[in-house]
Amino acid sequence: KLSRKARLAVTRYLAWKLHLHGVNPVTKRTRLISAGGESTPYPAGQVVTAYRVMGHRRLNSTACPGALLYAEIASIRGQVQTRIKKYSGKRRRRS
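Report follows, based on the coordinates. (Residues numbered from 1 in each chain as written. Predicted model: local features only at pLDDT ≥ 70, side-chain atom pairs only at ≥ 80, totals over all residues. Heavy atoms only, no water.)

Some remarks on the overall build of the chain
- Across its full length, the chain carries three helices and two strands.
- Each helix and strand of the chain, ordered N terminal to C terminal, gives the series α-β-β-α-α.
- Looking at the chain as a whole, 23% of its 95 residues are labelled buried.
- Of all intrachain contacts in the chain linking residues separated by at least 6 positions in sequence, the fraction that spans at least 24 positions is 44%. (Helix = DSSP H or I, 4+ residues; strand = E, 2+ residues; numbered from the N terminus. Buried < 20%, exposed > 50% of the residue type's maximum accessible area, 1.4 Å probe, protein only. Contact = heavy atoms within 4.5 Å.)

Okay, here's the thing in structure tokens:
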């Protein structure tokens, strides 16, 4: 299982970055155009709809050892959305 610290770090980073760009982490509205190649199931030019927070193996297979993280992506996606909603109206003071 993914450690609590690692999960929190991923969640915080994604919430910050997606909120910065006004991106909803839960919707499936990201559309990409495949470049093709032997490591992807999609031929060149095919439009692919993908989650905004996902594991790369959804689009491109590699020898990545990220099985622990991959199993938790859907849950992390929801936590990112919750964190964005919780902090979207607050500004942090710099010290």
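Moving on from the model shown.
Here's the deal with the pattern of salt bridges
- Evaluation of the coordinates by the stated rule reveals one salt bridge.
- Linking Arg7 and Glu72 is a salt bridge whose minimum nitrogen-to-oxygen distance equals 2.0 Å. Residue Arg7 is found in helix 1 (residues 4-20), and its partner Glu72 is found in the loop between helix 2 (67-70) and helix 3 (73-87); the two are separated by 65 residues along the sequence.
- Given the relative accessible area of 11%, Glu72 is considered buried. (Salt bridge = Lys/Arg side-chain N within 4 Å of Asp/Glu carboxyl O.)

As for the nonpolar core
- Membership of the largest hydrophobic core is limited to nine residues, which are Leu2, Leu14, Ala15, Leu18, Val53, Ile73, Ile76, Val80 and Ile84.
- If you list the elements that add at least two residues to this core, you get helix 1 and helix 3.
- Ranked by the residues each element gives to this core, the list is headed by helix 3, at four residues.
- Those residues in contact with Ile73 that sit more than four places away from it in its chain are Val53, Met54 and Gly55. (Core = buried A, V, L, I, M, F, W, Y, C linked by side-chain atoms within 4.5 Å.)

Describing the side chain of Thr11
- Relative to the helices and strands, Thr11 resides in helix 1.
- A polar contact is formed between the side chain of Thr11 and the backbone oxygen of Arg7, at a distance of 2.9 Å. (Polar contact = N/O pair within 3.5 Å; in protein donor to acceptor, adjacent residues only side chain to side chain.)

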